[in-house]
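Observations on chain architecture
Each chain, letter by letter, is given below.
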Amino acid sequence: MWCQRLAWLLRGQCGSTGRRWPWLPRDARPVLAAPVRCHPTAPVSPGCAWQLHQDHLELRYGSTVMRLDFVWLRDHCRSASCYNAKTSQRSLDTASVDLAIRPQAVRVDETTLFLTWPDGHVTRYGLEWLARNSYEGQKQQVMHPRILWNAEIYRQAQVPSVDCRSFLETDEGLKEFLQNFLLYGIAFVENVTPTKEDTEILAERISIIRETIYGRMWYFTSDFSRGDTAYTKLALDRHTDTTYFQEPCGIQVFHCLKHEGTGGRTLLVDGFHAAEQVLRQAPEHFELLAKVPLKHEYVENVGGCHNHMIGVGPVLNVYPWNNELYLIRYNNYDRAVINTVPHDVVRRWYRAHRALTAELRRPDNELWVKLKPGKALFVDNWRVLHGREAFTGYRQLCGCYLTRDDVLNTARLLGLQA
């Protein structure tokens, strides 16, 4: 797509503007708030058109219509004096930009937008860059590509586990693992030596280990050494962990070191898949679950462990510009007293919660996995709920929490979208 060269001056009267916006209804076509003079050298390309308004530039590039505020355009200048390309950091003092700033001249060629400011400074933007980074461009994109799944979809995908040596020693193995993890929210590593020390080495391959009230690396047995139902032999319903943290832990690692008994299968449910079904069937429920803040609480007074933690947030967390779900905070064990919701909303919230719970408990959404020594499981705690069936005998797991930022950083360095 090509843009013909145009020159716009802010001193004078432009001709009819309607012809420059043929894709808009006549009553929706923009009207200039300030007189300008235009000097088209050729008919405007159907793939690109632009229009100056009082406080912003409206630019159509391909199928994207962008509305770019003049302050935004000045603040994001990538010239050497405004942006340090070596450090990828802004040099311009945003607070110094005049909020009433307007360009003195605007020019567009086939690939680039040029803006000349009142002090003579020239800003250049690639049109492709603007299409990607404008609000309108971001609204059309997803931050994290995913494959939503139920049990049958996941089984049919036949997602392979990654061998421990390949995971630890090659970028190819690590990249394959991370791609699986990003797409499905779970991933497995096989042939891991069943010790806490080897599991720790595995975890550190992709992230800094996040130390919490449970320590850095933990052993997990049914000795009720902590004030949590997980430290028993009882079944655990599907849930996400650390909902009582202000920022729940991003990734959880499980490795079964020993089990001398029966039962104890691990339950995995794609929370985003369930939420998507709610959005399709009852969008008002999805919206309520994404807006109403709740408290989750952890109170512990067992042995030498004394903790009282509270985390606040909605069950569903979405990016406001594209409504993309990025975190589910679901744990019926740890949900505190609902005292952040007015009485006229409470019943509607319960209906919405019941709709989501029904989806999460659908048998066809349940993936059951028997964890065995040597097979480590990584779970996206912001997306995938986990649970456990009751068991007998002695069962020992080890694991840890990972910092989400570091996992995503590792993925990006390997060329993955994360």
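Going by the structure above, here's the rest.
Residues numbered from 1 in each chain as written. Predicted model: local features only at pLDDT ≥ 70, side-chain atom pairs only at ≥ 80, totals over all residues. Heavy atoms only, no water.

A look at the sheet that holds strand 3 (residues 48-52)
In a beta sheet, neighbouring strands pair by backbone hydrogen bonds and run either parallel or antiparallel. If you walk across this open sheet you meet the 3 strands as 3-4-5, and the pairing is antiparallel. With partners counted over all chains shown, the strands left at the sheet margins are strand 3 and strand 5 (64-69), one partner each. Averaged over all adjacent pairs, the angle separating strand axes in this sheet is 15 degrees, with direction ignored. In terms of strand pairing, strand 3 meets strand 4 (residues 56-61) through 5 bridges, oriented antiparallel. Paired with W50 across the two strands is L59, which belongs to strand 4. (Pairing = 2+ DSSP bridges. Helix = DSSP H or I, 4+ residues; strand = E, 2+ residues; numbered from the N terminus. Axes fitted to C-alpha atoms, helices over the stretch in contact; angles between N-to-C directions.)

Quick word on the packing of aromatic side chains
Here a ring pair, both rings aromatic, is described through the centre-centre distance and the interplanar angle of the planes. This model, assessed by the stated rule, comprises 17 aromatic pairs. Geometrically, the ring pair formed by Y154 and Y184 is edge-to-face, given 5.6 Å between the ring centres and 85 degrees between the ring planes. Residue Y154 is located in helix 4 (residues 151-157), and its partner Y184 is located in helix 6 (residues 171-184); the two are separated by 30 residues in the primary sequence. Like Y154, the residue Y184 is buried in the burial classification. Each ring, one from Y244 and one from Y298, has its centre 4.8 Å from the other, and the planes form 20 degrees; the classification is stacked. One end of the pair, Y244, is in the loop between strand 15 (236-239) and strand 16 (251-260); the other, Y298, is in strand 18 (residues 294-302), with 54 residues separating them in the sequence. The same class applies to Y244 and to Y298, which are both buried. The rings of F167, F177, F181 and F378 are connected pair by pair, giving a single aromatic cluster. Over the ring of F114 we find R107, and its NZ or CZ is 4.0 Å from the ring centre. For the cation-ring pair, R395 lies above F391, with the distance from its terminal atom to the ring centre recorded as 5.3 Å. (Phe/Tyr/Trp six-rings, centres within 6.5 Å; stacked < 30°, edge-to-face > 60°. Buried < 20%, exposed > 50% of the residue type's maximum accessible area, 1.4 Å probe, protein only. Lys NZ or Arg CZ within 6 Å of the ring centre and 35° of its normal.)

Considerations on helix 11 (residues 404-413)
Looking at helix 11, one finds that the buried residues are R404, V407, L408, T410 and A411. The arc that holds the buried residues of helix 11, viewed along the axis, is 155 degrees, so those residues lie on one side. When the buried face of helix 11 is taken as reference, the exposed residues oriented beyond 90 degrees from it are D405 and L413. Against the buried residues of helix 11 lie helix 6, strand 16, strand 23 (376-380) and strand 25 (394-402). Within two residues after helix 11, G415 carries a phi angle of roughly 90 degrees, on the positive side. (Arc of directions from axis to C-beta. Contact = heavy atoms within 4.5 Å.)

Notes on the nonpolar core
F167, F177, L178, I206, F378 and L402 are the most contacted members of the largest nonpolar core, which has 28 residues in total. Mapped onto this core, the elements with two or more residues apiece are helix 5 (164-169), helix 6, strand 12 (186-190), helix 7 (196-204), strand 16, strand 23, strand 25 and helix 11. Of the residues forming this core, the biggest block, 5 residues, is contributed by helix 6. When sequence neighbours within four positions are dropped, the list of residues in contact with I206 reads F167, L174, F177, L178, F378, L402, D406, V407 and T410. Core analysis: the next-biggest nonpolar cluster, separate from the first, contains 26 residues, Y184, F254, L268 and V379 among them. (Core = buried A, V, L, I, M, F, W, Y, C linked by side-chain atoms within 4.5 Å.)

Section: the side chain of D237
With respect to the element layout, D237 can be found in strand 15. Here R238 takes part through its side chain, which lies 2.8 Å from a polar atom of the side chain of D237. Residues contacting D237, with those up to four places away along its chain left out, are Y333, R361, H386 and G387. (Polar contact = N/O pair within 3.5 Å; in protein donor to acceptor, adjacent residues only side chain to side chain.)

Considerations on the environment of F391
Turning to its location among the elements, F391 is positioned in the loop between strand 24 (384-388) and strand 25. The sequence separation of F391 and R265 amounts to 126 residues, and the corresponding C-alpha distance is 8.1 Å.

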